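Descriptive structure summary
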Amino acid sequence: MEITKELSLQEKLHILADAAKYDVACTSSGVDRKGKQGFLGNSAACGICHSFASDGRCISLLKILLTNHCIYDCKYCQNRVSNDIVRAAFTPQEVCEITIEFYKRNYIEGLFLSSGIDKNPTHTMEQICQVLYLLRTTYHFNGYIHVKAVPGAPDELLTTAGYLADRMSINLELPTEDGMRKLAPNKTHQAILRPMGQMTKTIAAHRLAIGKNARMERSRINQYLTNSIFSDKLLESDSKSLELPSSVKNEVPNRPFASAGQSTQMIIGATQETDYHLLRTTQYLYQSYDLKRVFFSAYVPLNEDQNLPALDTPVPLLREHRLYQADWLLRYYGFQAEELLSEERPNFNELLDPKCEWALRHLDHFPVEINHASYDILLRIPGIGPKSAARIVQACRYGTVDFPHLKKMGVVLKRAHYFITCSGKMMYKTPIEETYIARQLIGADRKENWEATHKNDYQQMSLFFDFGLQS
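Residues numbered from 1 in each chain as written. Predicted model: local features only at pLDDT ≥ 70, side-chain atom pairs only at ≥ 80, totals over all residues. Heavy atoms only, no water.

This brings us to the pairing of strand 4 (residues 110-114). Of all five residues making up strand 4, five are buried, and the element is well covered by its neighbours. Here strand 4 shows no split at all, with Gly 110, Phe 112 and Ser 114 on one side and Leu 111 and Leu 113 on the other all buried. By the bridge criterion, five bridges tie strand 3 (residues 61-65) to strand 4 in an arrangement that is parallel. Pairing of Lys 63 across the sheet is with Phe 112, part of strand 4. Once the chain exits strand 3 it traverses helix 2 (residues 92-104) before rejoining the sheet at strand 4, and the crossover so formed is right-handed. Two strands pair when backbone bridges link them, and strand 4 and strand 5 (residues 144-148) are joined in this way by four bridges, in the parallel orientation. Among the inter-strand pairings, Leu 113 is bridged to a residue of strand 5, identified as Val 147. Viewed along the sheet, the connection from strand 4 through helix 3 (residues 121-138) into strand 5 turns out right-handed. (Buried < 20%, exposed > 50% of the residue type's maximum accessible area, 1.4 Å probe, protein only. Helix = DSSP H or I, 4+ residues; strand = E, 2+ residues; numbered from the N terminus. Pairing = 2+ DSSP bridges. Right-handed = clockwise from strand over helix to strand, strands pointing away.)

Structure, rendered in structure tokens:
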């Protein structure tokens, strides 16, 4: 629905902040940048969304769309061109003013900026770059900025945005070409993966330019070029292709390129892909594009269409939760997608943690004697994470570890005690039997599973949250 009257800034903020809620941005910043004279703000590596600073402040982002006008007709999207909704658009100047004013009031610590595709990808990306350039140069904003790149925009604009933002992301949205054709006819995987690959090269080139891990980065670039799905012409790795645009050099000479890396997002439940397919796609993206995060977004039924789930379909929040746990296992625990799932067992048991499910399928590996286990083996035990595994290895060098020690080290014994022994003894007399242990673990996690399933029963507070208080 086109609006003829001029909307106020607050009305635009209501519309475009609400429209941005389906973009996932709950991520640690990955950037540790101190404030400096003449600039406003800084960035903490500890995190942005859903994190707390050392003084107890909740660190958060202003999450908005530049516009919800869109020329595309993605069937899963609230802002699709065929939907009859109120449309609005910020000017670059308005986004800057809102960001600075909210920052000064300590409402936010940074900016998350996405957008619908207004007119064409080039125009939209130009507007985004103008916002970033004004914030960094005119307003001297030194805080964290996460920006969504627009597939189909010229490489020069994407590169410019990368030198002005801290994190860049391009949403893959759907993991298969077939799903893309059915639900997003204006998009293709090639159009999304090409700029993603270009950003990977530019991030690596910047690390080479500043001398960080030069040998490792060159090796990674060569591996990327060898494994890439693109043509040789697109992936020439000569010095010219890795050279920064002169305009970026002159305007922002001392900024790193996407210092917090790049990420992407996939929608869960809009199409029929299995968890196995999603996890293999996730693993491929990490290995081929050096992504910092792959985010999963449980599909919320918004539009009626024969190719979409019905409007009364429950949001698959528990499935999303399990995929995030599996993603953690890929990144920090040394698991491979093929270990966690297979063609024969393509989906996770939503009632069980993926690590527990893997352990139950490999009971021949358990119980593990804590005092003799290596770090890699400890990471495979449910209830033991990287920090507690390192503490156990360190403690075992000087003495014998027992169950009370493990609790103090942060081990979650309600899961771990089924799979470990200390000095040859189990914590309780427990049969090593899959059905019995699965039943106990499901019971122990019942509260956590309920909370994950009913997450959307709770309303996320916004800047305009009405507590029902009367002045």
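Moving on, we get to the side chain of Thr 281. Note on placement: Thr 281 falls in helix 9 (residues 275-289). A polar side-chain atom of Thr 281 sits 2.9 Å from the main-chain carbonyl oxygen of His 277. With sequence-adjacent residues up to four places away left out, Thr 281 is seen in contact with Leu 172, Pro 175 and Met 266. (Polar contact = N/O pair within 3.5 Å; in protein donor to acceptor, adjacent residues only side chain to side chain. Contact = heavy atoms within 4.5 Å.)

Turning next to the packing of aromatic side chains. Scanning the entire structure with this criterion turns up nine aromatic pairs. Here Trp 328 and Tyr 332 contribute two aromatic rings whose centre-to-centre distance is 4.8 Å and whose plane-to-plane angle is 50 degrees, an arrangement assigned as tilted. Placement of both Trp 328 and Tyr 332 in helix 10 (residues 317-332) is noted, with a separation of four residues, approximately one turn of the helix. Classification of Trp 328 as partly exposed rests on a relative accessible area of 40%. Since its relative accessible area comes to 41%, Tyr 332 is described here as partly exposed. Measuring from ring centre to ring centre gives 5.3 Å for Phe 335 and Trp 358, while their planes differ by 85 degrees; the resulting arrangement is edge-to-face. With Phe 335 in the loop between helix 10 and helix 11 (337-340) and Trp 358 in helix 12 (residues 354-361), this residue pair connects regions lying 23 residues apart in the sequence. Accessibility classification places Phe 335 together with Trp 358 in one group, the buried group. Taken together, the ring pairs in this structure connect Phe 335, Trp 358, Phe 366, Tyr 418 and Phe 419 into an aromatic cluster. Arg 380 extends its terminal NZ or CZ atom over the ring of Phe 335, reaching a point 4.0 Å from the ring centre. (Phe/Tyr/Trp six-rings, centres within 6.5 Å; stacked < 30°, edge-to-face > 60°. Lys NZ or Arg CZ within 6 Å of the ring centre and 35° of its normal.)

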